[in-house]
Amino acid sequence: MPHAKLTIDLPEHIWIGDLSATHPELVFQVVTSIVGKDTGIGLIRLTATDPLPIITDIQARDDIDSLELLWKHDDEALLQIQTSNPLPLLPIWRAGVPLKMPFDIQNGQATWNVTTSADRLSSLRTHLDDLGIGFTIEHIRDIDASQADRLLTDRQQEVLATAAEEGYYQAPRESTLGDVADTLGIANATCSDVLHRAEGHIIHWFIKEHMEV
């Protein structure tokens, strides 16, 4: 199952594409959204030096049906916006692809992370093309059941699984490092070294897959 990161070029004839391109310093973070054929509702965090003029500008757009200011503090504001032109998210809706939230929009571009089947990812690309929305695929990585086999050695998997079964990772811990080592019949130092290496591989993989900017 592929995980893909895409950069989407937002059309300038929609409000968020125009505003983000005109004011490249603005950051719109789409916290969550609901989209249908003719309408879209989004919870959007706006970061700007002074959000109020931007909010006024959004309200004046023809494709904005309603805007509610939920809160504002200094350079941030949280808005609930309903639009009659949910064009940027239509390809996601039509392809049936889950989109990881939140995602950012800045300088006329959105950054999307999706994990779906190869067929649905292909469908998403088709719908983007059909709607004339430009995009760049930054990377596609395959995630499957053999991920652990590539990530950890057999020995690391064995020691990590034993530690988990013994309650070593519970809070509070139900076993000590010595308990895990005794169960495996190995020295404490060996157990500690194998666990440390396994944990390091998992942490680096997680950051690369889920926290990469």
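Here is what the cut-offs are and how they apply
Residues numbered from 1 in each chain as written. Predicted model: local features only at pLDDT ≥ 70, side-chain atom pairs only at ≥ 80, totals over all residues. Heavy atoms only, no water. Helix = DSSP H or I, 4+ residues; strand = E, 2+ residues; numbered from the N terminus. Rg over C-alpha atoms; globule rule 2.2 N^0.38 Å. Buried < 20%, exposed > 50% of the residue type's maximum accessible area, 1.4 Å probe, protein only. Contact = heavy atoms within 4.5 Å. Lys, Arg positive; Asp, Glu negative; His and termini not counted. Charge placed at Lys NZ, Arg CZ, Asp CG, Glu CD. Salt bridge = Lys/Arg side-chain N within 4 Å of Asp/Glu carboxyl O. 1 Å grid on protein atoms, 1.4 Å probe; cavity = no way out; pocket = protein on both sides within 12 Å on 5 of 7 lines; lining within 4 Å. Points joined across faces, edges and corners; volume = space filled by probe spheres on them. Pairing = 2+ DSSP bridges. Axes fitted to C-alpha atoms, helices over the stretch in contact; angles between N-to-C directions. pLDDT = per-residue confidence, 0-100.

1. Points about the overall build of the chain
Helix and strand content of the chain: eight helices and eight strands. Against the 2.2 N^0.38 benchmark of 17 Å for 213 residues, the chain shows a C-alpha radius of gyration of 23 Å, more extended than a compact globule. Counting across all 213 residues of the chain, residues that qualify as buried make up 38%. Residue pairs in contact within the chain that sit at least 24 positions apart in sequence constitute 63% of those at least 6 positions apart. When the 15 basic and 33 acidic side-chain charges of the chain are each reduced to a single mean position, those positions are 3 Å apart.

2. Re the pattern of salt bridges
If you walk through the whole model with that rule in mind, you get five salt bridges. When the shortest N-O distance is used, the salt bridge between glutamate 158 and arginine 155 registers 2.8 Å. Highlighted residues: glutamate 158 and arginine 155, both in helix H6 (residues 154-165), separated by three residues, approximately one helical turn. With relative accessibility at 38%, the residue glutamate 158 sits in the partly exposed group. Owing to a relative accessible area of 34%, arginine 155 belongs among the partly exposed residues under this scheme. A network of salt bridges, in which partner residues are shared, links Asp18, Asp57 and Arg61.

3. Overview of unusual backbone geometry
Across the junction of methionine 101 and proline 102, the peptide omega takes the value -5°, indicating a cis bond. When you line up the elements, proline 102 lands in the loop between helix H3 (90-95) and strand E6 (103-106). Cis rather than trans, the peptide bond between alanine 171 and proline 172 has omega equal to 0°. Tracing the backbone through its elements, the reader meets proline 172 in the loop between H6 and helix H7 (177-184). Although it is not a glycine, aspartate 74 sits at a positive phi angle of roughly 55°. Mapped onto the elements of the fold, aspartate 74 is located in the loop between strand E4 (64-73) and strand E5 (76-83). Residue classification places aspartate 74 among the exposed residues on the basis of a relative accessible area of 55%. In this model, asparagine 107 sits at a positive phi of 55°, which is unusual for a non-glycine residue. Looking at the element boundaries, asparagine 107 is found in the loop between E6 and strand E7 (109-115).

4. Remarks on empty space enclosed by the protein
Across all of its chains, the model carries one cavity of 30 Å³ or more by this definition. Looking at the largest cavity, it is lined by 20 residues, and the ones nearest its centre are Trp15, Ile44, Thr83, Pro88 and Leu89. The set of elements that each furnish at least two residues to the lining of the largest cavity consists of helix H1 (15-22), strand E2 (27-35), strand E3 (40-47), E5 and E6.

5. Some thoughts on the sheet that holds E6
If you trace the eight strands from one edge of the open sheet to the other, you get E4-E5-E3-E2-E6-E7-E1-E8, paired in antiparallel fashion. Looking at the sheet topology across the chains shown, the edges are occupied by E4 and strand E8 (135-142). In this sheet, adjacent strand axes meet at a mean angle of 20° when their direction is disregarded. Where E2 and E6 come together, three bridges link them in antiparallel fashion. Paired with glutamine 29 across the bridge in E6 is aspartate 104. Against the sheet, H1 touches E2, E3, E4, E5 and E6, its axis set at about 170° to E2.

6. Some details on H1
Taken residue by residue, H1 has Trp15, Ile16, Gly17, Leu19 and Ser20 as its buried positions. Elements in contact with the buried residues of H1: E2, E3, helix H2 (51-59), E4, E5 and E6.

7. What about the confidence of the model for the chain?
Put simply, the chain has an average pLDDT of 89, and 93% of its residues get 70 or more. Within the chain, no element has a lower average pLDDT than helix H5 (residues 147-151), which sits at 61, and none a higher one than E5, at 96.

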